[in-house]
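Given next are the chains, with one letter for each unit.
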Amino acid sequence: RVVGCAMSVASDRYLFKVRCLPCVPCLLVFGTNHPCEEIHHIESSRSGASEFLIVPVCHEMHQGPIGIHGLHRRGFELRYKVSDLDMLAKVNELLA
């Protein structure tokens, strides 16, 4: 149980840092710095590590009609040429 608590503290700290970043899809696609309003979890991982596989997003690029869930993951990737892994790499770059 101690490991779980440690993971929770670590993931909470990481979440706080990621929430301070701008919307990564807006940054990559449009070159704009919209504030983070929501957190997108990378779907390909459902393990405990998934709390670290997150991307800051504005509402429009997350759940709006032109967003990740509005266009569905594959449609978003085809339209903008940006994948979940591209966005996650940008998060890591911004946090470095």
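Here, every reference points to the structure presented above.
First things first, this report covers the structure right here in the doc. Just so we're clear, the structure is a prediction, and the values are computed from it rather than from any experiment. (Residues numbered from 1 in each chain as written. Predicted model: local features only at pLDDT ≥ 70, side-chain atom pairs only at ≥ 80, totals over all residues. Heavy atoms only, no water.)

**A closer look at the overall build of the chain**
At step 1: Secondary structure summary: the chain contains 5 helices and 2 strands in total.
At step 2: Ordered by position from N to C terminus, the α and β elements of the chain give α-α-β-β-α-α-α.
At step 3: Expressed as a percentage of the 96 residues in the chain, the buried residues total 36%.
At step 4: Contacts in the chain between residues far apart in sequence, at least 24 positions, make up 51% of those at least 6 positions apart.
At step 5: As displayed, the chain offers around 5,800 Å² of accessible surface, 58% of which is attributable to carbon and sulfur atoms. (Helix = DSSP H or I, 4+ residues; strand = E, 2+ residues; numbered from the N terminus. Buried < 20%, exposed > 50% of the residue type's maximum accessible area, 1.4 Å probe, protein only. Contact = heavy atoms within 4.5 Å. Areas by Shrake-Rupley, 256 points an atom, 1.4 Å probe, with all protein chains shown as cover.)

**Quick look at the pattern of salt bridges**
A side chain of one charge can pair with a side chain of the opposite charge when the charged atoms of the two come close.
At step 1: Scanning the entire structure with this criterion turns up 3 salt bridges.
At step 2: Two residues, Glu 93 and Lys 90, come together in a salt bridge whose shortest N-O distance is 3.0 Å. Taken together, the positions of Glu 93 and Lys 90, both in helix α5 (residues 84–95) and 3 residues apart, correspond to about one turn of that helix. (Salt bridge = Lys/Arg side-chain N within 4 Å of Asp/Glu carboxyl O.)

**A few points about the packing of aromatic side chains**
At step 1: Counting across every chain of the model gives 3 aromatic pairs.
At step 2: Between Phe 30 and Tyr 80 the ring centres are 6.1 Å apart and the planes differ by 80°, which places this aromatic pair in the edge-to-face class. Highlighted residues: Phe 30 in helix α2 (residues 24–30) and Tyr 80 in helix α4 (residues 72–80), separated in sequence by 50 residues.
At step 3: Overall, the relative accessible area of 45% leaves Phe 30 in the partly exposed class.
At step 4: These aromatic residues form a ring-pair network of at least three members: Phe 30, Phe 76 and Tyr 80. (Phe/Tyr/Trp six-rings, centres within 6.5 Å; stacked < 30°, edge-to-face > 60°.)

Functional significance is not addressed by these values, which are geometric in nature.
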